Amino acid sequence: MAAAPAQGFLERQIDIDGWPVRLTSYRVGDKYVCQADNVSPGACLARFAAATAEEAESQAISKARHLLGKTRRLPV
């Protein structure tokens, strides 16, 4: 069984509560995947697969917002 190639690759950067977040979306087979990572170190905050691209993106943004909301910011 061969792996299905990713299609419709899309990458964009958004701002969530003052944090830069990169959203990477693509389709694999009949599922859409969206990954949210913080731009600077590139650590994955959330990755979701769903039946639609909008649903996967909405879930990834929601989880990223939750995690970043718990992050303390120290004055520099």
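Because the structure is a prediction, the values reported are computed rather than measured. Per-chain numbering applies: the sequence of each chain, read as written, is numbered from 1 onward. Local features in this predicted model are restricted to residues of pLDDT 70 or higher, and side-chain atom pairs are both shown and tallied only at a pLDDT of 80 or more, whereas totals for entire chains, interfaces and linings draw on every residue. Heavy atoms throughout the structure, all of them, feed into the side-chain values; hydrogens and water do not.

Chemist: So, the overall build of the protein: which residues are in play, and what are the values?
Modeler: Along the protein, the regular secondary structure elements total 1 helix and 4 strands. Secondary structure elements in the protein, listed N-terminal to C-terminal, are β-β-β-β-α. Here the C-alpha coordinates of the protein stretch approximately 50 × 20 × 20 Å along the principal axes. A buried classification covers 26% of the 76 residues belonging to the protein. Within the protein, contacts between residues at least 6 apart in sequence are counted, and of these 21% link residues at least 24 apart. About 5,300 Å² of surface is accessible on the protein, with carbon and sulfur atoms providing 54% of the total. In the protein, the 10 positive side-chain charges and the 8 negative ones have mean positions that sit 7 Å from each other. Numbering of helices and strands runs from the N terminus; a helix is a DSSP stretch of H or I covering at least four residues, while a strand is a stretch of E covering at least two. Only protein chains enter the accessibility calculation, which uses a 1.4 Å probe. A residue is then buried if its area is under 20% of the maximum for its type, exposed if over 50%, and partly exposed in between. We call two residues contacting when some pair of their heavy atoms lies within 4.5 Å. Surface accessibility follows the Shrake-Rupley procedure with a 1.4 Å probe radius. Residue values consider only the protein chains on display as shielding. The convention is simple: Lys and Arg are positive, Asp and Glu are negative, and His and the chain ends are not counted. Charged groups are reduced to one reference atom each: NZ for lysine, CZ for arginine, CG for aspartic acid, CD for glutamic acid.

Chemist: Describe helix α1 (residues 53-69), naming the residues involved and giving the relevant values.
Modeler: For α1, with 17 residues, the first-to-last C-alpha span of 24 Å sits near the 24 Å given by 1.5 Å per residue. Where α1 is concerned, the buried positions are Ala 56, Glu 57, Ala 60, Ile 61, Ala 64 and Leu 68. For α1, the angular spread of the buried residues around the axis is 125°, confining them to a single face. The exposed residues of α1 that point more than 90 degrees off its buried face are Glu 54 and Gly 69. The length a helix should cover is 1.5 Å for every residue beyond the first. Along the arc lie the directions from the helix axis toward the C-beta atoms.

These figures come from the coordinates and say nothing about function on their own.
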